[in-house]
Amino acid sequence: MLPVVTFLLLSLVGPPSHAATTPPTVSLDLSAATELALQRSLQISAAWQGAEAAAQVVEQVQALKRGKVGLEAEYLHLNDEIGMAVDLPPALGLKLPPIVIVPQELLRARVQAGLPLYTGNKIERAVQQATYGAEAFKAFARDTESAVMLEVSEYYLGALLARDVVKVQQQALDTYRQHLDQANKVFRAGVVARYDVIRAE
């Protein structure tokens, strides 16, 4: 923010009069400089992003009133089935097939749904707190904008003052040079002593 404002204000003042080349000056009034700073300020954009994030938190907290639905699913593939084989004595002549405990392909799904019946006003308080937080972020963003506008105004008016001070100083220098030239002319004419020239210097 500061480099942008400094560039804008230096462009208002312009280069000193003794500069060899004069770059083109950019003419900005206070409203244009303020608008430019408001558009390009990273502080303001960060503050408004925080306000938007806080507004999204309010929406998320308000969604708690409507309940929630969830779905979980798992898929498991085993190299072999997990089973158990029971070997009976051969004298019985019975052979039991193996018992499968876990199949090779396992798919499990679970659906959950919930609706808050009574929360003791916890959801309402959370919504209220999130709303207050969102309002605080908006107020902070507006305060940031106001601070940037004030800073730009101070720099702008400071640049105008500096420009006028330079003009006054230039006029004083021109007046001093004229006075010195006048004293030298009068000295060469023999009207005044060297002391008056030294005093004029």
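Structural data are supplied above this passage.
All figures in this text were calculated on a predicted structure; none of them were measured in a lab.

Participant: Got a minute to help me understand the side chain of threonine 34 in this structure?
Facilitator: Residue placement: threonine 34 occurs in helix 2 (residues 30–40). Exposure remark for threonine 34: the relative accessible area of 11% places this residue in the buried category. Beyond its immediate sequence surroundings of up to four residues, threonine 34 is in contact with Met149 and Val152.

Participant: Help me understand the pairing of strand 1 (residues 68–77), please; the structure alone is not making it clear to me.
Facilitator: Taken residue by residue, a regular strand's side chains alternate between the two faces of the sheet. A small share of strand 1 lies buried, amounting to 0 of its 10 residues. Direction of pairing for strand 1 relative to strand 4 (residues 105–114): antiparallel, over a ladder of 10 bridges. Looking at the pairing, tyrosine 75 lines up with leucine 107 of strand 4.

Participant: Honestly, helix 4 (residues 122–188) in this entry has me stumped. Any pointers?
Facilitator: Given 3.6 residues per turn, any residue in an α-helix points the same way as the ones three and four places further on. The end-to-end C-alpha distance of helix 4, which contains 67 residues, comes to 97 Å, matching closely the 99 Å that a straight helix rising 1.5 Å per residue would cover. Once helix 4 finishes, glycine 190 follows within two positions and takes phi at roughly 85°, a positive value.

Participant: Mind showing me how you'd approach the nonpolar core here?
Facilitator: When a protein is soluble and globular, its nonpolar side chains tend to lie buried together. Judged by nonpolar contacts, Ala54, Val58, Val61, Ile123, Val127, Ala130 and Ala134 together constitute the single largest core of 7 residues. Here this core gets 4 residues from one element, more than from any other, and that element is helix 4. Residue contacts for valine 61: discarding those within four places in its chain leaves Ile123, Ala126, Val127 and Ala130. Counting 6 residues, the second largest nonpolar core, distinct from the first, contains Ala33, Ala37, Val148 and Val152.

Conventions used here
- Residues numbered from 1 in each chain as written.
- Predicted model: local features only at pLDDT ≥ 70, side-chain atom pairs only at ≥ 80, totals over all residues.
- Heavy atoms only, no water.
- Helix = DSSP H or I, 4+ residues; strand = E, 2+ residues; numbered from the N terminus.
- Buried < 20%, exposed > 50% of the residue type's maximum accessible area, 1.4 Å probe, protein only.
- Contact = heavy atoms within 4.5 Å.
- Pairing = 2+ DSSP bridges.
- Expected span 1.5 Å × (residues − 1).
- Core = buried A, V, L, I, M, F, W, Y, C linked by side-chain atoms within 4.5 Å.

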